[in-house]
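Commentary on secondary and tertiary structure
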Amino acid sequence: MAIPLVMTSKFYDAELARLQTELVKMQEWIVHEGLRLCVIFEGRDTAGKGGTIKRIMERLNARNARVVALGTPTEREKSQWYFQRYIPHLPAAGEIVLFDRSWYNRAGVEHVMGFCTKEEYSRFLHQCPIFERLLVEDGILLRKYWFSVSDVEQENRFRSRLEDPMRRWKLSPMDLQSITHWEDYSRAKDMMFVHTDIPEAPWFVVESADKRRARINMIAHLHSTVPYHDVQRRPLALPPRPPSQGYVRAPRESQTYVPDHAAELLAG
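Residues numbered from 1 in each chain as written. Predicted model: local features only at pLDDT ≥ 70, side-chain atom pairs only at ≥ 80, totals over all residues. Heavy atoms only, no water.

With respect to the packing of helix α2 (residues 49-57) against helix α9 (residues 211-225)
Axis angle and axis distance: for two packed helices, these are the angle between their axes and the distance between the axes, and together they describe the pair. Close contact between α2 and α9 brings their axes to 10 Å; oriented N to C, the two are set at 55°. In terms of their interaxial angle, α2 and α9 are classed as oblique. Read as a crossing pair, α2 and α9 show a hand that is right-handed. Of the residues in α9, those in contact with G51, T52, R55 and I56 of α2 are R215, M218 and I219. A class-by-class count of the residues in the contact of α2 with α9 yields three nonpolar, two polar and two charged. (Axes fitted to C-alpha atoms, helices over the stretch in contact; angles between N-to-C directions. Helix = DSSP H or I, 4+ residues; strand = E, 2+ residues; numbered from the N terminus. Parallel < 35°, antiparallel > 145°, perpendicular 65-115°, else oblique. Left-handed = near helix turned anticlockwise from the far one by under 90°. Contact = heavy atoms within 4.5 Å. Nonpolar A, V, L, I, M, F, W, Y, C, P; charged D, E, K, R; others polar.)

Some remarks on unusual backbone geometry
Among all residues except glycine, the phi angle is most often negative; among peptide bonds, the trans geometry is most common. We note that T46 has phi near 75°; this positive angle belongs to a residue other than glycine. Along the chain, the position of T46 falls in the loop between β1 (36-43) and α2. The phi torsion at R101 lies on the positive side, around 70°, for a residue other than glycine. Position of R101 relative to the elements: it lies in the loop between β3 (95-100) and α4 (109-112). The class for R101 is partly exposed, based on a relative accessible area of 25%. (Buried < 20%, exposed > 50% of the residue type's maximum accessible area, 1.4 Å probe, protein only.)

Here we look at the pattern of salt bridges
What the rule picks out here adds up to 16 salt bridges. Between E110 and R106 there is a salt bridge whose closest N-O contact spans 2.8 Å. Like E110, the residue R106 is buried in the burial classification. K144 serves as the salt-bridge partner of E132, at 2.7 Å between the closest nitrogen and oxygen. A residue pair is termed long-range when its members are at least 10 positions apart, and E132 in helix α5 (residues 118-137) and K144 in strand β4 (residues 141-148) qualify at 12 residues. Sharing partners across several salt bridges, the network here consists of E22, K25 and D230. (Salt bridge = Lys/Arg side-chain N within 4 Å of Asp/Glu carboxyl O.)

Purely geometric stuff here, so don't read any function into it on its own.
Next up, the structure:
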């Protein structure tokens, strides 16, 4: 199926549904084999990380897949080894964990905005490849994606969020500072890649000027890096319903029901 020059909604919906079906197969294989998949999402603000994560999680079994999006570290966490607060969130056997931003905060916002010292930043660049090699050596399937967007498109998306009450919560004063620090973040990203784009855990860049293409491309690429296959499931059949044992349902007026708001809308 050739991708049209302009991705129509029909094409996008069909391909996303196909990819989500494959994600379910991949998850079943990971659960069956007791494997551990850790996917890191990094990139510019508004680059489309959250939307992609949402589409990945949409059809997965939440018992074996979760999103990790840590907030500001506590004073206790600040006193720990930097990677320590992330380790408890790594996947166990049969789990998929998606990091909506990760330990790479130190190479990005913390470094650019001065939330860490130069020594802490340098230590991170030295330790991060070692840390990730240990994860891979222990059998964790580690995938790292950087979502890339232009400065013009980022500003347009910021403006769109400011005007949308349903997405305004996505913006914070810190997010808006990424406009004035665009070049600083660019230099930080370049330096981060120099130190952490390693053979054991390479970075994959997702062009996200078109969010739909970015989602399709990223999910398809993730499939291609995980050698999953269909898991043979035991056939299931509905059992026959047993005959009634005389149960009588409680009177409707004995319980409190949610008002039928939908009926009021339809009647109006």
